[in-house]
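# Descriptive structure summary
Spelled out from the first residue to the last, the chains are:
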Amino acid sequence: MYTFLHRIASAFYNEYQSDIRHFTFVFPNRRAGLFFQKYLSELIDKPVFSPEIITVNDCFFNASTRRASDRTAELFRLYRIYRQVSKSEETFDAFVFWGEMLLADFNDVDKSRVDVAQLFTNVKELKEIDMMADYISDDQKAAIEHFWQHFLPKIESKTKKEFIAIWKIMWPLYSEFCSELLSENLATEGMIFREVVDRLVSNDEPEYFAERKFVFVGFNALNKSEKMLFEELQKRGKADFYWDYEADELRDPDNQASLFFRENIRRFPSQFSIGSEKLQLKDKSFELIAVPSSVGQTKEVYNLLSELYPDQSSEKDWIKTAVVLPDESLLVPLLHSLPVNIRNINVTMGFPLKAAPVSGLLENIFELQRRSNSRGQFYHITVSNILNHQYVSMLCKNEAQHILQEMIDTNAFYVDESIFAGNDLLKTIFTLKKSPGDFMSYLIGVLGKLNVAWQRISEHTGKYRMECDFLYQYYTILNRMNDVMKNAGELEMSLETLTRLIRQLVSGITIPFEGEPLNGLQVMGMLETRGLDFENLIICSFNEGVFPKKSTANSFIPNNLRRAFELPTADYHDAISAYNFYR
C-alpha cells in the first residue's frame, strides 16, 4: 500500500525526473514535507536537486515585503492607540484581556479579507441598516438585524452604551494600528496575508512567485486569503492541487468532516490522477481502552508498543507507528514509559515550555510575591515549595534543608527575608518586589543566576542539558518582553496583569527536539498528522473537551456577523477537528 504522499512524489518524479527541482511543494505542516522528501528519495536512483518544500505560511511570508511584528509588542501598541482614539483613561490592567480579543479579531478579518470599514460601521440604531442596503447582501442584512435586535433593547442600557462606544472606535482603532505598523515596515500575520493577495489581484506579482510553480498538498479548510492565493496562482498556470479526501467519511455530505470537500475539489482540480488506496472502516481494527488516569494512559501505550515490537522481534520499522497526543502535557510521562527496545524516537510536537520545571518554579515565585504580607514576609507554604523545587534544592541543598528545619522548629507562618541572607541565590529569590518594572528585572536576575549555575552542573556531569535549555528559553522570553515594555514607555500595570502576560507568552512556546526526523517511532500532536499515513496509530486522551477541543473563542465580532461576513465560526472549527479525526 502506497501512502498519499508517496503517490504524489511518484507521479511528479515519473513525469519530470530531475526537473522536479523547479517545483515548490507547499504543505500544511513541515512534518508532511519531510515525509514527502523521504518518499521522493526512495524513488530516485541518481543525484538530483530537491524541490523547494515549504508551508503555506512560508509562502505568504516569503512573498511579503514586511517583517512580522511581535505579538506582545502589538498589545502595548494597541493600548497606546486605544488611549489616543478613545480619549479614555482606562488602565492597561483593564485593557489587556479584551485587547487580546481585538488583535485576534483584526487577524481574522485580514485573513478573511473582510471590508473592515463596512464590518465596523457604527450601527447605532436599527434604521441605519436600511442606509446600508446598497452595499450589503440580504444575508448580511438579516444577520445584522438579528444581532442588533438582541443587543438594542427598548430601554437605553449601560451595557448597550458601553458596547456601542467600543464598536464606534473599532474602525479608527484598526486603521491607525495598521498604519503605524506599515510605517515601520511591520505587519501582523493577517496583514501579510492580505498584502500578498492584494498585490496578486492588482497584477503586481511579488518577485517570489515569478519563476516558481507551486504544488499545494494535503490542505482542507482554507481562509479567504489562501483561496485567493490558490486562484491567482492557478490563473497564471503556476499551481497544482492534491487533496487528501480518500476516506468515504471525508466525502459523505452528512458528515461534518466533508464540509470543505466539494468546493475544494471543484475549484482546485489536480493535474495528475494519483489513484486512491484505502480500506473501509469495517476492514480496519479498532480497540478502545478505558484508562482511569492520564499517566495510566502512557503506561497502556507501553503495553501496546510492547505487543507491536516485542524484545525478541526482528521488526525494527518503528516509523510505521505513531503515538498521537491531543493533550501535550502527556509528552513527558509518555517519554518515560516507552519500551527500552524502541531506541529511535522522533518527537515532532516539541515540548511545551509551560509544562517544564522552570515554569513551575516561576509560578511559585509569582505566588511568593502575591502572598507576602504587609511587613514584607513570605508565606511558609510558598517558601517550602520553592526550597524543595529541583532547580533550587540541587544548588542550595544544605541551606534549603536548614531553613526548612528552622521553619518547622519555630512553627513559622510567615518567613522574614533575613533568614535567606547567607546564600546569594536564595537572597536573590526571596526579595520583595512591588512594581512591574522591578519585578521583571528581578525575574531576569533570578533566571540568570539559575542558568549560570545549572550550566556549570551540566558541563561537570554531562547531564541536565534539557533543564538548561528550559532555563535559557524562559530567560530569553523575559528579556524580550522586558525590551518591549521599555519601548512601550510608562504603563500603569499591576503585578497580576504582568504575570498573566508572562503566562500567555510562555503558553505558546515549545522547545523543539532535535534528532533524525525520519527514523523511529513517531510521537506528534493531532495537527501534525495531516497528510501522513501510518499502519499503527495510538491516540491518547480521546476524551470530550480534549479531542476535539472546545472551539469557543472570545471575540468582539458576534457569531451572526461572523457568518454574514464569512469569518470563521464554531462550525468551521468543528469541521476541521472532524476532518483531522476521520482522515
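Below you will find a few notes about this structure. Because the structure is predicted, anything quoted here is derived from the model rather than measured.

With that settled, consider the overall build of the protein. When you go through the protein residue by residue, the secondary structure sums to 24 helices and 14 strands. Projecting the C-alpha coordinates of the protein onto the three principal axes gives extents of approximately 80 × 75 × 45 Å. For the protein, with 583 residues in total, the buried portion stands at 49%. Look at the contacts in the protein between residues 6 or more apart in sequence, and 77% of them connect residues 24 or more apart. Taking the average place of the 65 positive charges on the side chains of the protein and the average place of its 81 negative ones, the gap between the two points comes to 2 Å.

Of the two faces of strand β13 (residues 521-524), both are covered, the one formed by L521 and V523 as well as the one formed by Q522 and M524. Sheet topology note: the strand β7 (residues 321-324)/β13 ladder contains 3 bridges and is parallel. Its bridge partner lying in β13, V324 is registered against M524.

Strand order in this open sheet of 4 strands is β2-β1-β5-β6, and the pairing throughout is parallel. Sheet topology places β2 (52-55) and β6 (239-242) at the edges, where each strand pairs with a single neighbour. Within the sheet, the average angular offset between the axes of one strand and its neighbour, ignoring direction, is 25°. Across 4 bridges, strand β1 (residues 23-27) lies against β2 in parallel orientation. If you follow T24 over to β2, its bridge partner there is E52.

Looking now at a nonpolar patch on the surface. A cluster of nonpolar side chains, L281, F286, F542, F581 and Y582, forms an exposed patch at the surface whose accessible area comes to about 490 Å². You can see F542 is positioned in the loop between β14 (536-539) and α23 (559-564). Residue F542 is classed as partly exposed on the basis of its relative accessible area of 41%.

Glancing now at the sheet that holds β13. Pairing in this open sheet of 4 strands is parallel, and the strands run β8-β13-β7-β14 from one edge to the other. Edge positions in the sheet fall to β8 (345-347) and β14, since each has one partner strand and no second. The sheet shows a mean angle of 20° between the axes of neighbouring strands, taken without regard to direction.

Turning our attention to the packing of aromatic side chains. In this description, a pair of aromatic rings is defined by centroid distance and the angle of the planes. Considering all chains together, one arrives at 53 aromatic pairs under this definition. Arranged with centres 5.5 Å apart and planes meeting at 75°, the rings of F209 and F214 form a pair that is edge-to-face. Here F209 and F214 have matching classes, each one buried. Ring-pair connections join several aromatic residues into one group, and the members of that group are Y208, F209, F214, F216, F219, F230, F241, W243, Y245, F261, F268 and Y579. The ring of F193 has K111 lying over it, and the distance from NZ or CZ to the ring centre is 4.9 Å. Here the basic side chain of R371 rests over the ring of Y379, its NZ or CZ set 3.9 Å away from the ring centre.

What follows covers unusual backbone geometry. Between F547 and P548 the backbone carries a cis peptide bond, its omega angle lying at -5°. Residue position: P548 is located in the loop between β14 and α23. One non-glycine residue with positive phi stands out, namely E566, at about 55°. Of note, E566 is situated in the loop between α23 and α24 (570-582).

In this structure, F209, V358, F430, Y474 and I502 are the most contacted members of the largest nonpolar core, which totals 140 residues. For F430, the contacting residues outside a window of four places in its chain are L368, F378, V383, I386, L387, E417 and F420. Counting residues in each nonpolar core, the second largest holds 29 residues, with F35, F36, I319 and M524 among its members.

All right, on to helix α22 (residues 495-507) then. Here α22 spans 18 Å end to end across 13 residues, near enough to the 18 Å set by a 1.5 Å rise per residue. For α22, every residue scored as buried is listed here: L495, T497, L498, T499, L501, I502, L505 and V506. On its buried face, α22 sits against α4 (71-86), α5 (92-111), α15 (357-370), α20 (436-461) and α21 (465-488).

Scanning all chains against the criterion turns up 0 disulfides. Here C396 is not disulfide-linked; the sulfur of C468 is the nearest cysteine sulfur, at 15 Å. Relative accessible area serves as the criterion here: at 1%, C396 is assigned to the buried category.

Right, let's talk about the packing of helix α1 (residues 4-16) against helix α2 (residues 30-43) for a bit. The contact between α1 and α2 brings their axes to 9 Å, and the two run at 50°. Comparing their axes, α2 and α1 come out oblique. Between α1 and α2 the crossing geometry is right-handed. Between α1 and α2, the contacting residues are L5, H6, I8, A9, S10 and Y13 on the first element and A32, F35, F36, Y39, L40, E42 and L43 on the second. Broken down by class, the residue content of the contact of α1 with α2 amounts to 10 nonpolar, 2 polar and 1 charged.

Across the interface, helix α16 (residues 380-387) lies against helix α18 (residues 397-410) with an axial gap of 10 Å and an inter-helix angle of 155°. It follows that α16 is roughly antiparallel to α18 by the angle criterion. Crossing of α16 against α18: the hand is left-handed. Of α18, the residues touching α16 (which contributes H380, V383, S384 and L387) are A400, I403, L404 and M407. Of the residues belonging to the contact of α16 with α18, the class tally is 6 nonpolar, 2 polar and no charged.

Scoring rules and cut-offs
Residues numbered from 1 in each chain as written. Predicted model: local features only at pLDDT ≥ 70, side-chain atom pairs only at ≥ 80, totals over all residues. Heavy atoms only, no water. Helix = DSSP H or I, 4+ residues; strand = E, 2+ residues; numbered from the N terminus. Buried < 20%, exposed > 50% of the residue type's maximum accessible area, 1.4 Å probe, protein only. Contact = heavy atoms within 4.5 Å. Lys, Arg positive; Asp, Glu negative; His and termini not counted. Charge placed at Lys NZ, Arg CZ, Asp CG, Glu CD. Pairing = 2+ DSSP bridges. Axes fitted to C-alpha atoms, helices over the stretch in contact; angles between N-to-C directions. Patch = residues over 30% accessible without salt bridge, like charges linked within 9 Å, V, L, I, M, F, W, Y side chains within 5 Å. Areas by Shrake-Rupley, 256 points an atom, 1.4 Å probe, with all protein chains shown as cover. Salt bridge = Lys/Arg side-chain N within 4 Å of Asp/Glu carboxyl O. Phe/Tyr/Trp six-rings, centres within 6.5 Å; stacked < 30°, edge-to-face > 60°. Lys NZ or Arg CZ within 6 Å of the ring centre and 35° of its normal. Core = buried A, V, L, I, M, F, W, Y, C linked by side-chain atoms within 4.5 Å. Expected span 1.5 Å × (residues − 1). Disulfide = S-S within 2.5 Å. Parallel < 35°, antiparallel > 145°, perpendicular 65-115°, else oblique. Left-handed = near helix turned anticlockwise from the far one by under 90°. Nonpolar A, V, L, I, M, F, W, Y, C, P; charged D, E, K, R; others polar.

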